[in-house]
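Tertiary structure, described
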Amino acid sequence: MVAVRIVDQPGTGLGLVTEVARREGDVVATICGPEYRSHPTRTSIQIAADRHIDGLQVVAYLNHSCDPGTYVDVKSLTVIAARDLVPGDALTFFYPSTEWAMACPFVCACASDECLGRIHGAHRVPTAVLSRHRLSTHIRELVTVRDAAAAR
């Protein structure tokens, strides 16, 4: 990964910032050599309904935000700019966009107007909220199943 820096972010601990300007759609990082898991860990990213990756190197410092600047494309294992970014911008993604049920839920510190408060994973997020974010295919599918079951 090039042109990112790990920094201490007040309230959230270590995180990533970009050192160069990024345009919406730019690849910010590539996940190389991940370790595959059948269950979530504190630092994993879910890539399918029953598959997670860990050993993410510097990408493990990609923090959560309810108003994220990036998203994770789990098919290409890349981190993509969700909007234009300037040097010093925090690199964050919306954890429920890839995570159905997190190993370590936490209280969000993003301070966004759209902040969810406690982050558990997509299984506890209303469909209307999820629809405002770029979701991984497996999350869209799991939400469809959840919503169909709730409608019965």
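Refer to the structure presented above.
Quantities reported herein were computed from a predicted structural model and do not represent experimental measurements.

So, the sheet that holds strand S7 (residues 63-64)
- Here we have four strands laid out as an open sheet, ordered S1-S2-S10-S7, and mixed in their pairing. What marks the edges here is a single partner per strand, and that holds for strand S1 (4-9) and S7.
- The sheet contact formed by strand S2 (residues 13-18) and strand S10 (residues 90-93) spans two bridges and is antiparallel. Residue pairing in the sheet places Leu 16 in a bridge with Leu 91 of S10.

Some words on the pattern of salt bridges
- Applying the stated criterion across every chain yields a total of seven salt bridges.
- The partner of Arg 83 in a salt bridge is Asp 67, with the nearest N and O atoms 3.6 Å apart. Of the two residues, Arg 83 is situated in the loop between strand S9 (78-81) and S10 and Asp 67 in the loop between S7 and strand S8 (70-73); the sequence distance between them amounts to 16 residues.
- When the shortest N-O distance is used, the salt bridge between Glu 114 and Arg 132 registers 3.1 Å. Placement of Glu 114 in the loop between strand S11 (106-107) and strand S12 (118-119) and of Arg 132 in the loop between helix H1 (127-130) and helix H2 (137-151) is noted, with a sequence separation of 18 residues between them.
- On the basis of relative accessible area, Glu 114 is assigned to the partly exposed category, the value being 43%.

What to know about the layout of surface pockets
- By volume, the largest pocket is sized at about 610 Å³.
- What lines the largest pocket is a set of 27 residues, and nearest its centre among them are Arg 42, Leu 62, Asn 63, Tyr 95 and Phe 106.
- Those elements giving two or more residues to the lining of the largest pocket turn out to be S7 and S11.
- For the lining of the largest pocket, a count of residues per class yields 18 nonpolar, seven polar and two charged.

Brief notes about a nonpolar patch on the surface
- On the surface, Ile 6, Leu 14 and Tyr 61 cluster together into a nonpolar patch covering about 250 Å² of accessible area.
- One can find Leu 14 in strand S2.
- Look at Leu 14 and you get partly exposed, because its relative accessible area is 44%.

Description of the packing of aromatic side chains
- Scanning the model with the defined rule gives two aromatic pairs in all.
- Taking 4.9 Å as the distance between ring centres and 50 degrees as the angle between the ring planes, the aromatic pair formed by Phe 93 and Tyr 95 counts as tilted.
- Assessed through its relative accessible area of 15%, Tyr 95 is described here as buried.
- Ring geometry for Tyr 95 versus Phe 106: centroids 5.8 Å apart, planes at 75 degrees, classification edge-to-face. Of this pair, Tyr 95 sits in the loop between S10 and S11 while Phe 106 sits in strand S11, and the two are 11 residues apart along the sequence.
- One aromatic cluster is present, formed by Phe 93, Tyr 95 and Phe 106 through successive ring pairs.

Conventions and cut-offs
Residues numbered from 1 in each chain as written. Predicted model: local features only at pLDDT ≥ 70, side-chain atom pairs only at ≥ 80, totals over all residues. Heavy atoms only, no water. Pairing = 2+ DSSP bridges. Helix = DSSP H or I, 4+ residues; strand = E, 2+ residues; numbered from the N terminus. Salt bridge = Lys/Arg side-chain N within 4 Å of Asp/Glu carboxyl O. Buried < 20%, exposed > 50% of the residue type's maximum accessible area, 1.4 Å probe, protein only. 1 Å grid on protein atoms, 1.4 Å probe; cavity = no way out; pocket = protein on both sides within 12 Å on 5 of 7 lines; lining within 4 Å. Points joined across faces, edges and corners; volume = space filled by probe spheres on them. Nonpolar A, V, L, I, M, F, W, Y, C, P; charged D, E, K, R; others polar. Patch = residues over 30% accessible without salt bridge, like charges linked within 9 Å, V, L, I, M, F, W, Y side chains within 5 Å. Areas by Shrake-Rupley, 256 points an atom, 1.4 Å probe, with all protein chains shown as cover. Phe/Tyr/Trp six-rings, centres within 6.5 Å; stacked < 30°, edge-to-face > 60°.

Function cannot be read off these values alone, since they describe shape.
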